[in-house]
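Overview (structure and organization)
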Amino acid sequence: MNNTIIGMGVGAFLAFMAFAFGFWAFLIALIFIAVGAILGRALDGKLDLRGVLDALTGRRSSS
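All of the points below concern the structure found in this document. (Residues numbered from 1 in each chain as written. Predicted model: local features only at pLDDT ≥ 70, side-chain atom pairs only at ≥ 80, totals over all residues. Heavy atoms only, no water.)

1. A short note on the overall build of the protein
Note the threshold: Put simply, DSSP H or I for four residues or longer makes a helix, DSSP E for two residues or longer makes a strand, and each gets a number counted from the N terminus. Computation of the radius of gyration draws on C-alpha atoms alone. For the globule rule, the value is 2.2 Å times the number of residues to the power 0.38. A simple rule labels every residue: compare its accessible area, found with a 1.4 Å probe on the protein chains alone, to the largest value its type can have, and call it buried under 20%, exposed over 50%, or partly exposed in between. Method for areas: the Shrake-Rupley scheme with a 1.4 Å probe, in which residue coverage is limited to the protein chains shown.
Helix and strand counts for the protein come out as 3 helices and 0 strands. N-terminal to C-terminal, the α/β element order of the protein is α-α-α. For the protein, whose C-alpha radius of gyration is 15 Å, the value lies well above the compact-globule estimate of 11 Å for 63 residues. When the backbone C-alpha atoms are referred to their principal axes, the protein occupies close to 45 × 30 × 20 Å. Taking all 63 residues of the protein together, the buried fraction comes to 8%. For the protein, the accessible surface area stands at approximately 5300 Å², while carbon and sulfur atoms represent 69% of it.

The structure is reproduced here in structure tokens:
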């Protein structure tokens, strides 16, 4: 499955949430999807959470 099809599926899910349950359910679903994506990338070893946290707190620059 390529990223375009996955993106279309996520978009369809979010559209369903927005139409069926309203704005707040859409926003909560969007937040959970983002958190799941971040944790998935971290578990795959493609994202260093400590480095991201250090960059956000100003301990280290991102460049």
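Text resumes after the structure shown.
2. Focus on the pattern of salt bridges
Applicable threshold: For this analysis, a salt bridge means a side-chain nitrogen from Lys or Arg found within 4 Å of a carboxyl oxygen belonging to Asp or Glu.
Applying the stated criterion across every chain, the model contains 1 salt bridge. The partner of Arg 59 in a salt bridge is Asp 54, and the shortest N-O contact between them spans 3.8 Å. Looking at Asp 54, the relative accessible area reads 14%, which means it is buried.

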